[in-house]
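Chain and residue survey
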Number of protein chains: 2
Amino acid sequence: MDNLKTINTLINCFTKLSGIGYKMAERCAYKIIEKDEAFAKEFAQSILDVKRNVKLCAKCGNFCEGELCRICETRKSDVICVVKDPRDIISLEKSGAFSGTYHVLHGVISPLDKKGPNDINLKSLVLRVRDEKIREVIIATNPDVEGEATASYIASLLKPAGVLVTRLATGLSLGTNLEYADGITLGVAITNRVEI
Amino acid sequence: MDNLKTINTLINCFTKLSGIGYKMAERCAYKIIEKDEAFAKEFAQSILDVKRNVKLCAKCGNFCEGELCRICETRKSDVICVVKDPRDIISLEKSGAFSGTYHVLHGVISPLDKKGPNDINLKSLVLRVRDEKIREVIIATNPDVEGEATASYIASLLKPAGVLVTRLATGLSLGTNLEYADGITLGVAITNRVEI
């Protein structure tokens, strides 16, 4: 016996979300059957609401419900932090270490995925740097191949305008154990060593 | 910055499904924003459809869309396999090793969760055993404390009626490595050893 058709459709939807495999999707679908009707209605409505109400901030590309996101509405700064996804903003805000504005690329340059500089939210960054008289651009893309390539490209684009372009530091994570650190990270940590 | 309110509601719904933590729920919610409107509509609709269309089989308690489930509709057997959840039926059917009918308990006896014999689908099993002239009842609850307790209880309930009550065999999983088998399983495997 396979699953019922209606259950299969729902399982299929779940598998299209990132990080959910078939078994997990199956478990989620069966959980919804177990829950009451009110939950199903709330869940379905919240999916539609999110899709209907959440827009991109006209300035930085972050998610918002109005014209501008809450950060662009309330902060003024001459430092912009460039991130790949809106979720990265949440992580950075939680750290409490940055109080400037952000710019969301919505992706990184990745030739393998056929994503070039024109496929990410870059043009508006160049305009912002000029119009908002930005002093520093911190590039906070992930420290992987695509993230580094994107950072280099943005740096080459912005440096001629005389703006300071920086990159998040790489090295050992705090609280980590040397024994379990991978070789590349360890190599970077040695190269970037600092005087104490 | 926290998440937007609409996004938070959706994340909250996701965390109520089993096996999905906050980080995963967040990722799923953001994935829905990235996907197109058609997907959101299909997803929302399939949640409502599942809740509206999926019922319990009047005979065995499995999920179905009509009066009886597909197995009860098409099979006649004097052997019943008793399972905890409808999902267990799918696993057993995939094994291809059983061709009788099923009975779904929708839970197991678990004093810690305040679940007694009256809280699971047991009464109809007793009636079925009598009315369908059942020859054998295979108890396929999980081989854990609650599953074993439930199996013992069902056996004590059905044996006086003269029906054969059996339990799935326990021992080493096929393809496993002795080195990694836990002590209890190994002990059971030695106790239940068979002549070759």
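A few points on the structure.

About the cut-offs
- Residues numbered from 1 in each chain as written.
- Chains lettered and ligands numbered in written order.
- Predicted model: local features only at pLDDT ≥ 70, side-chain atom pairs only at ≥ 80, totals over all residues.
- Heavy atoms only, no water.
- Disulfide = S-S within 2.5 Å.
- Buried < 20%, exposed > 50% of the residue type's maximum accessible area, 1.4 Å probe, protein only.
- Pairing = 2+ DSSP bridges.
- Helix = DSSP H or I, 4+ residues; strand = E, 2+ residues; numbered from the N terminus.
- Axes fitted to C-alpha atoms, helices over the stretch in contact; angles between N-to-C directions.
- Contact = heavy atoms within 4.5 Å.
- Least-squares fit on C-alpha atoms with pLDDT ≥ 70 in both.
- Buried area = accessible area lost by both parts, 1.4 Å probe.
- Salt bridge = Lys/Arg side-chain N within 4 Å of Asp/Glu carboxyl O.
- Polar contact = N/O pair within 3.5 Å; in protein donor to acceptor, adjacent residues only side chain to side chain.
- Nonpolar A, V, L, I, M, F, W, Y, C, P; charged D, E, K, R; others polar.

A few words now on the state of the cysteines. Overall, the coordinates contain zero disulfides over all chains when judged by the stated rule. The structure places no disulfide on Cys57 of chain A, whose sulfur is separated from the nearest cysteine sulfur, that of Cys72 of chain A, by 3.8 Å. Exposure remark for Cys57 of chain A: the relative accessible area of 4% places this residue in the buried category. Note on Cys81 of chain B: no disulfide assigned, nearest cysteine sulfur contributed by Cys60 of chain B at a separation of 11 Å. On the basis of relative accessible area, Cys81 of chain B is assigned to the buried category, the value being 3%.

All right, on to the sheet that holds strand β4 (residues 101–104) of chain B then. All names here are of chain B. One open sheet accounts for four strands, arranged β4-β3-β5-β6; its pairing is parallel. If you trace the sheet from one side to the other, it starts and ends with β4 and β6 (164–167), each paired once. Direction aside, the axes of adjacent strands within the sheet are offset by 25° on average. Taken strand by strand, helix α6 (residues 123–131) contacts β3 (79–83), β4 and β5 (136–139), and its axis lies near 155° from that of β4.

Residue and element names in this part refer to chain A. Pairing is parallel in the open sheet, where four strands are placed in the order β4-β3-β5-β6. Every interior strand has two partners, whereas the edge strands, β4 (101–104) and β6 (164–167), have only one. Averaged over all adjacent pairs, the angle separating strand axes in this sheet is 25°, with direction ignored. Sheet topology note: the strand β3 (residues 79–83)/β4 ladder contains four bridges and is parallel. Counted as the bridge partner of Val83 is Val104 from β4. Along the sheet, helix α6 (residues 123–131) makes contact with β3, β4 and β5 (136–139), crossing β4 at roughly 155°. On top of the sheet, helix α7 (residues 145–158) reaches β3, β5 and β6; it is set at about 170° to β6, its chief contact.

This part covers the relation of the copies chain A and chain B. The two copies are related by a screw motion: chain A maps onto chain B through a turn of 180° and a shift of 0.1 Å along the axis, at an RMSD of 0.1 Å. Given the turn and translation reported, the copies of this chain are related as if by a two-fold rotation axis. Among all residues of chain A, the one whose C-alpha sits closest to the rotation axis is Ala44 of chain A, at a distance of 2.0 Å.

Turning our eyes to something else, we now look at the environment of Leu4 of chain B. Relative to the elements of secondary structure, Leu4 of chain B occurs in the segment before α1 (5–15). When near neighbours in sequence (up to four residues on either side) are disregarded, Leu4 of chain B contacts Val54, Phe63, Cys64, Glu65 and Arg70 of chain A.

Our focus in this paragraph is the interface of chain A and chain B. At the interface, 54 residues of chain A touch 54 residues of chain B. For the pair chain A and chain B, the two sides together bury roughly 5700 Å², of which 70% comes from carbon and sulfur. Joining chain A to chain B, the criterion identifies zero salt bridges. Taken together, the connections running from chain A to chain B amount to six residue pairs in polar contact (both at pLDDT 80 or more). Of all elements in the fold, only α1 (5–15), α2 (22–34), α3 (37–53), β2 (63–64), α4 (70–74) and α5 (86–95) of chain A reach the threshold of two or more residues within the side of chain A that touches chain B. Among the elements that take part in the side of chain A that touches chain B, α3 of chain A stands out by supplying 14 residues, more than any other. A per-class count over the side of chain A that touches chain B returns 27 nonpolar, nine polar and 18 charged.

Keep in mind these values describe shape, not function.
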